[in-house]
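These are the residues of each chain, in order.
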Amino acid sequence: MRTAVVIIGGGPSGLLLSQLLHVHGIDTVVLERKTKDYVLNRVRAGVLERGMLDLMRQAGVADRMEKEGHSHSGTVISYGEKTFRIDFVEHTGHAVMIYGQTEVTRDLYEAHEETGGKIDFNVENVVIHNANTDAPHVIYKVDGESRRIDCDFVAGCDGFHGVSRQTIPLDVRREYEKIYPFGWLGILSETPPVHHELIYAASKRGFALCSMRNENLSRYYIQCALSEKPEDWTDEAFWEELKRRIPTKQAEELITGPSIEKSIAPLRSFVTEPMRWGRLFLCGDAAHIVPPTGAKGLNTAASDVHYLFNGLRDYYGNGTTDGIDSYSTKALARVWKAERFSWWFSSLMHRYPDQSEFDLKMQIAEIEFLRTNHAAQKAMAENYVGLPY
Ligand code: FAS
Ligand code: PHB
């Protein structure tokens, strides 16, 4: 079999890239390790930047998001009983969209099926061959049957644990990593959100986040130790701990209920350079990971897709290679800014086990500066709504 671009990974990066290329008549095959249901049931990101909204419109998959998504013009930050609001629209003229990654992926799968997009699920033993030549191909198995696809390019959209990044030789790759000494215990509950906007809460007991998916589906997180497991926490214990970390007013108004999903995500910052090797391009979590504090994971995958799609469209449209040749440099320039913001916001809002009294004083001073300084709030807002592509 032959196609223009083999896309490894059927998550948001892979599907969005496939859909954009399809709209421009460029043939792809997507290879996904899991089943569609498995992919659709992963509860992950919740906040979309303006760049992601534009890409979904370009891909023709924005209708349901426009109808069901919730535009947020700001967010609340609390520390102890003190709260203040960052007004995104006042500082940047832009809002963010609350629309779960699950729904984004669902919309992309529906469009992919409607357009007869080719995707193999439950693939195994994916191996990329000759990526650093003009004739790459991919070998894999489905139901025990070996298959081969010859192609012009391979897009590695297979996430942090995929095979694409490992295909780039160790003497070519440079990796940068920071592991945070805590995780996020998250729950989903069919309850009305405690506030109409997100609340990022710093407290002596640790970080908490009050988020949502819609008016009757809330998403809450509390910082937890890396040694903890979801089963260590009853719903009751979770709700009591969350109430201790948010301001009393919200704690009293909080409507609790049974969790319909409960999981712990470890936090790490990670970047691999370069994001291209020959005709293999890394995209999204395959190339970089951020702590979810700044809601940059899915959104930075989106900017990778933007750069790679435009490069491939130019290559197939008029034979120019400037776009694909500059892909890694351009994508990494924006990745590192997202890494910085996510690291900064995580450092600001979480309690670190080895924090000294002085460190705590610095954290409060930094939050106070953000609360009282217009330029600091503008910088925060610009990063949160999404820096330009
Ligand atoms: P993904 O990991 O989503 O998708 C990769 C796909 O490739 C998967 O479907 C996988 O099955 C497949 N794959 C892997 N290996 C393969 C192989 N060898 N062959 C074929 N297919 C293969 N971001 C936020 O902005 N906010 C959040 O709150 C947030 N929470 C998160 C919670 C968790 C537990 C995790 C892991 C991530 C979270 N993220 C969050 C980040 C997340 O949203 C990612 O940024 C986003 O999923 C990136 O999308 P992809 O690059 O498509 O990678
Ligand atoms: C979410 O709703 O899952 C969410 C929102 C904002 C974040 C992280 C996660 O920073």
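Residues numbered from 1 in each chain as written. Chains lettered and ligands numbered in written order. Predicted model: local features only at pLDDT ≥ 70, side-chain atom pairs only at ≥ 80, totals over all residues. Heavy atoms only, no water.

A. Looking closely at the packing of helix α10 (residues 297-318) against helix α12 (residues 327-349). With their axes 9 Å apart at the nearest point, α10 and α12 run at an angle of 165 degrees to one another. By the criterion of interaxial angle, the relationship of α10 to α12 is roughly antiparallel. For the crossing formed where α10 meets α12, the hand is right-handed. Packed against α10, whose contacting residues are Asn299, Thr300, Ser303, Asp304, Tyr307 and Leu308, the element α12 presents Tyr327, Lys330, Ala331, Arg334, Val335 and Ala338 at the interface. Grouping the constituent residues of the contact of α10 with α12 by class yields 6 nonpolar, 3 polar and 3 charged. (Axes fitted to C-alpha atoms, helices over the stretch in contact; angles between N-to-C directions. Helix = DSSP H or I, 4+ residues; strand = E, 2+ residues; numbered from the N terminus. Parallel < 35°, antiparallel > 145°, perpendicular 65-115°, else oblique. Left-handed = near helix turned anticlockwise from the far one by under 90°. Contact = heavy atoms within 4.5 Å. Nonpolar A, V, L, I, M, F, W, Y, C, P; charged D, E, K, R; others polar.)

B. Structural context of α10. Counted at 1.5 Å a residue, the expected span for α10 with its 22 residues is 32 Å, and the 32 Å between its end C-alpha atoms agrees. Once α10 ends, the next one or two residues include Gly319, with phi positive near 75 degrees. (Expected span 1.5 Å × (residues − 1).)

C. Region of interest: the site of ligand 1. If you check the shell around ligand 1, you find 30 residues, and the closest are Ser13, Glu32, Arg42, Arg44 and Gln101. Residue Pro12 places a main-chain N or O atom 3.3 Å away from an oxygen atom belonging to ligand 1. Measuring from an oxygen atom of ligand 1, one finds a side-chain N or O atom of Gln101 at 2.5 Å. Contact with the protein chains hides 86% of the accessible area of ligand 1, taken as 990 Å² for the molecule alone. Tallied by class, the residues present in the shell around ligand 1 amount to 14 nonpolar, 8 polar and 8 charged. (Near = heavy atom within 4 Å. Polar contact = N/O pair within 3.5 Å; in protein donor to acceptor, adjacent residues only side chain to side chain. Areas by Shrake-Rupley, 256 points an atom, 1.4 Å probe, with all protein chains shown as cover.)

D. Region of the structure containing the environment of Asn310. Tracing the backbone shows Asn310 in helix α10. Judged by relative accessible area, Asn310 falls into the buried class, the value being 18%. The spacing of Asn310 and Tyr176 is 134 residues in sequence and 27 Å in space, taken between C-alpha atoms. (Buried < 20%, exposed > 50% of the residue type's maximum accessible area, 1.4 Å probe, protein only.)

On their own, these measurements won't tell you what the molecule is for.
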